[in-house]
Amino acid sequence: QVQLVESGGGLVQPGGSLRLSCATSGMIFSSKTMDWYRQAPGNQRDLVATITSGFSTSYADSVKGRFTISRDNAKNTVYLQMNSLKPEDTAVYYCHVKVWPGDYWGQGTQVTVSS
């Protein structure tokens, strides 16, 4: 059974940094494209960053240059390094993977950017 467990969220001041982790199990991690999404209250869940099995990355325009997605295949874990955080980055952040025939999500980790 595929499981995703996020960690690393918290309260941070504007301009600060956080590193999110998503530990996975139940799948061949190295072969999977992994995503980070976020959802703020009252908003839809939006794609933030993607990393492919070949380590290609892509980002939402709103986080380019500030966030970095990475993966460690030996640890079956994907990361999201978030720098220069802004109040508008406040959201619940979710790890996501597609494993046929479905989609899998973690439980989410809250990130709050506030002074």
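The text that follows walks through the structure, step by step, so that each part is easy to find. (Residues numbered from 1 in each chain as written. Predicted model: local features only at pLDDT ≥ 70, side-chain atom pairs only at ≥ 80, totals over all residues. Heavy atoms only, no water.)

1. Description of the overall build of the chain
Test applied: The helix and strand labels rest on DSSP assignments: H or I over at least four residues marks a helix, E over at least two residues marks a strand, and numbering proceeds from the N terminus. In this description the radius of gyration comes from C-alpha coordinates, and the expected globular size is given by 2.2 Å times residues to the power 0.38. Only protein chains enter the accessibility calculation, which uses a 1.4 Å probe; a residue is then buried when its area is under 20% of its type maximum, exposed when over 50%, and partly exposed in between. We call two residues in contact when some of their heavy atoms are within 4.5 Å. Surface accessibility in these figures is a Shrake-Rupley result with a 1.4 Å probe; residues are shielded only by whichever protein chains are displayed. In this tally, Asp and Glu contribute negative charge and Lys and Arg positive charge; neither His nor the terminal groups of the chain are included. Where a charge lies is defined by one atom per residue type: Lys uses NZ, Arg uses CZ, Asp uses CG and Glu uses CD.
Tallying secondary structure elements over the chain gives zero helices and eleven strands in all. If you list the helices and strands of the chain from N to C, you get β-β-β-β-β-β-β-β-β-β-β. A globule of 115 residues ought to have a C-alpha radius of gyration of about 13 Å, and the chain, at 13 Å, matches this closely. Expressed as lengths along the three principal axes of its C-alpha atoms, the size of the chain is roughly 40 × 25 × 20 Å. Residues classed as buried in the chain amount to 41% of the 115 residues present. Sequence-distant contacts in the chain: of pairs separated by 6 or more residues, those separated by 24 or more amount to 52%. As presented, the chain carries roughly 6000 Å² of accessible surface, and 47% of it is formed by carbon and sulfur atoms. Taking the average location of the 10 positive side-chain charges in the chain and that of its 8 negative ones, the two points are 4 Å from each other.

2. As for the nonpolar core
Rules: Here the nonpolar core consists of buried residues drawn from Ala, Val, Leu, Ile, Met, Phe, Trp, Tyr and Cys, with membership extended through side-chain atoms lying within 4.5 Å.
The biggest cluster of nonpolar side chains holds 28 residues, and the ones touching the most others in it are M34, W36, V78, L80, M82 and Y93. Going through the elements one at a time, β3 (18-25), β4 (34-39), β5 (46-51), β7 (67-72), β8 (77-82), β9 (91-99) and β11 (109-113) are the ones with two or more residues in this core. Top element by residues in this core is β9. It accounts for five residues. Those residues in contact with L80 that sit more than four places away from it in its chain are L18, R19, L20, W36, V48, A49, F67, T68, I69 and Y93.

3. Things to note about the pattern of salt bridges
Threshold: For this analysis, a salt bridge means a side-chain nitrogen from Lys or Arg found within 4 Å of a carboxyl oxygen belonging to Asp or Glu.
In the structure shown here, the tally under the stated rule is three salt bridges. With a closest N to O distance of 2.7 Å, R66 and D89 form a salt bridge. With a gap of 23 residues between them, R66 in the loop between β6 (57-59) and β7 and D89 in the loop between β8 and β9 connect regions that are remote in the sequence. Summarising the burial analysis for this pair, R66 and D89 share the class buried. Salt bridges linked by common partners bring R38, R66 and D89 together as one network.

4. Comments concerning the sheet that holds β8
Convention followed: A pair of strands counts as paired when DSSP detects no fewer than two bridges linking them. Interaxial angle, 0 to 180 degrees, is taken between N-to-C directions of lines fitted to C-alpha atoms, where a helix line uses only the stretch in contact.
Read across the open sheet, the four strands follow the order β1-β3-β8-β7; overall the sheet is antiparallel. The open sheet has two edge strands with one neighbour each: β1 (3-7) and β7. On average, adjacent strands in this sheet sit at an angle of 15° to one another, irrespective of strand direction. Note: β3 against β8, six bridges, orientation antiparallel. Residue pairing across strands places L18 opposite M82, the latter belonging to β8.

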